Amino acid sequence: MQTNPFRAAHYLLNAHRLDQLPADAGAEIAFAGRSNAGKSSALNTICDQQGLARTSKTPGRTQQIVVFPLDDTHRLIDLPGYGYAKVPEKLRAHWREVLDKYLRTRESLRGIVLVMDARHPLREFDRMMLEFSAATGRRALCLLTKSDKLSRGEAARTLLAVKKELATNAPEASAQLFSSLQKSGVDAARSTLAGWLFAD
Ligand code: GDP
């Protein structure tokens, strides 16, 4: 059995501004998603550590960029969940600006994992992220998580529909089914992400 490089992920810091992030060197992958999509669970599942990313729904805790290094040069970045109803407009505007700048300028960013609830894929925020990835040539992996909530047929149809839309609108993006509950799609996700992080 291959070892899981993501098992080494550990908490380093919370950032409210970009200048609080580690130096822009090495390689990192950012996880984005609407709040409650299942992003924290996906991070925990990929890293095989249940307590790594907080699955708490408290906005104050999740409205931060959280940095999880694997080693000195490779990192996972947990971006703030999008769409918390309780986040004040001022903080919302702050994050719009910070995320926009991060995604446009971060040189060590190798790709984006866009976590979507398989029952409600490609909502407004998701489309915005995909437009961005297409515009900047960044790679993106759409994780259609909570796939255990769909029948096999529904899951297959959803995946096909998402792939079809990506082929037209975001050619650098790929999609796969995922379930943190059933631990399905985990090897495929790890393999894609390890390819991005450790390619060079
Ligand atoms: P986040 O806000 O995107 O970080 O979402 P969380 O990871 O905190 O998950 C939101 C809710 O969805 C929690 O109640 C999780 O237990 C649940 N959840 C997350 N992933 C899955 C999954 O793969 N299957 C099912 N059935 N529930 C999930």
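Whatever comes next refers back to the structure up there.
Note that the structure is predicted; figures quoted are calculated from it, not measured. Position numbers for residues count from 1 along each chain, tracking the sequence in the order it is written. Per-residue local features of the predicted model are confined to residues with pLDDT of at least 70, and side-chain atom pairs are confined, for both listing and counting, to 80 or more; whole-chain, interface and lining totals are unaffected and use all residues. Side-chain metrics in this entry use all non-hydrogen atoms of the structure; hydrogen atoms and water are not considered.

## Let's talk about the environment of Asn 36
Move 1: As for its position among the elements, Asn 36 is in the loop between strand E2 (27-33) and helix H1 (39-47).
Move 2: Sequence spacing of Asn 36 and Arg 104 is 68 residues, and the spatial spacing of their C-alpha atoms is 25 Å. Helix and strand assignments come from DSSP, with helices taken as H or I runs of at least 4 residues and strands as E runs of at least 2, each series counted from the N terminus.

## Some remarks on the pairing of strand E4 (residues 74-78)
Residues in a regular strand point their side chains to alternate faces of the sheet.
Move 1: With five of five residues buried, E4 lies mostly within the body of the structure.
Move 2: Think of it in three bands: with a 1.4 Å probe and only protein chains considered, a residue is buried below 20% of the maximum accessible area for its type, exposed above 50%, and partly exposed in between. Because side chains alternate across E4, one face comprises the buried residues His 74, Leu 76 and Asp 78, and the other comprises Arg 75 and Ile 77, equally buried.
Move 3: In terms of strand pairing, E2 meets E4 through five bridges, oriented parallel. Along E4, the bridge assignment pairs Ala 30 with Ile 77. In this description, strands pair whenever DSSP reports at least two bridges between them.

## Re the pattern of salt bridges
Move 1: The term salt bridge refers to a pairing of a side-chain nitrogen on Lys or Arg with a carboxyl oxygen on Asp or Glu at a separation within 4 Å. Applying the stated criterion across every chain, the model contains 13 salt bridges.
Move 2: With a shortest N-O distance of 2.7 Å, Arg 75 and Glu 28 are connected by a salt bridge. With a gap of 47 residues between them, Arg 75 in strand E4 and Glu 28 in strand E2 connect regions that are remote in the sequence. Note on accessibility: Arg 75 and Glu 28 belong to one class, buried.
Move 3: Ionic contacts of the salt-bridge type, sharing partners, join the residues Asp 24, Glu 28, Arg 75 and Arg 106 into one network.

## Description of unusual backbone geometry
Move 1: Even without glycine at this site, Asn 36 takes up a positive phi of about 75 degrees.
Move 2: Residue class for Asn 36 comes out exposed when judged on its relative accessible area of 53%.
Move 3: Even without being glycine, Lys 146 reaches a positive phi, approximately 60 degrees.

## Brief notes about the side chain of Arg 106
Move 1: Tracing the backbone through its elements, the reader meets Arg 106 in the loop between helix H3 (89-105) and strand E5 (109-117).
Move 2: Overall, the relative accessible area of 7% leaves Arg 106 in the buried class.
Move 3: Distance and chemistry together define a polar contact, namely a pair of N or O atoms within 3.5 Å, with one atom able to donate a hydrogen and the other to accept it when in protein, and with adjacent residues in sequence counting only for side-chain atoms on both sides. Among the polar contacts listed, one links the side chain of Arg 106 to the side chain of Ser 108, at a separation of 3.4 Å.

## Some points on the site of the ligand
Move 1: Proximity is defined per residue: any heavy atom of the residue falling within 4 Å of a molecule or strand makes that residue near it. Contacts to the ligand come from 17 residues, most closely from Asn 36, Lys 39, Ser 40, Ser 41 and Asp 148.
Move 2: One of the side-chain nitrogen or oxygen atoms of Ser 40 is found 2.5 Å away from an oxygen atom of the ligand.
Move 3: In the environment of the ligand, an oxygen atom lies 2.6 Å from a nitrogen or oxygen atom belonging to the side chain of Ser 41.
Move 4: The protein chains hide 79% of the 580 Å² of surface that the ligand would expose on its own.
Move 5: With three residues, the top contributor of residues to the shell around the ligand is H1.
Move 6: For this classification, the nonpolar set comprises Ala, Val, Leu, Ile, Met, Phe, Trp, Tyr, Cys and Pro, the charged set comprises Asp, Glu, Lys and Arg, and every other residue, Gly included, is treated as polar. Looking at the shell around the ligand residue by residue, the class counts come to two nonpolar, nine polar and six charged. We get accessible surface area from the Shrake-Rupley algorithm with a probe of 1.4 Å; when it comes to residues, only the shown protein chains can shield them.

## Digging into the sheet that holds strand E1 (residues 13-15)
Neighbouring strands of a sheet are bound in pairs by backbone hydrogen bonds; such pairs are parallel or else antiparallel.
Move 1: Spatial ordering of the open sheet is given by E1-E3-E4-E2-E5-E6-E7, a layout of seven strands whose pairing is mixed. The open sheet is flanked by E1 and strand E7 (173-177), the only strands paired with a single partner. Each strand axis lies, on average, 25 degrees off the axis of its neighbour in the sheet, ignoring direction.
Move 2: In this sheet, E5 lies alongside E2 in parallel orientation, the contact comprising six bridges. Within E5, the residue paired with Gly 33 across the bridge is Val 115.
Move 3: Strands in contact with helix H5 (residues 152-169) are strand E6 (139-145) and E7; relative to E7, the strand with the most contacts, it is inclined by about 175 degrees. Each axis is a line fitted through C-alpha atoms, taken for helices only over the stretch in contact, and angles between the N-to-C directions span 0 to 180 degrees. The contact criterion used is simple: two residues touch if any of their non-hydrogen atoms lie within 4.5 Å.

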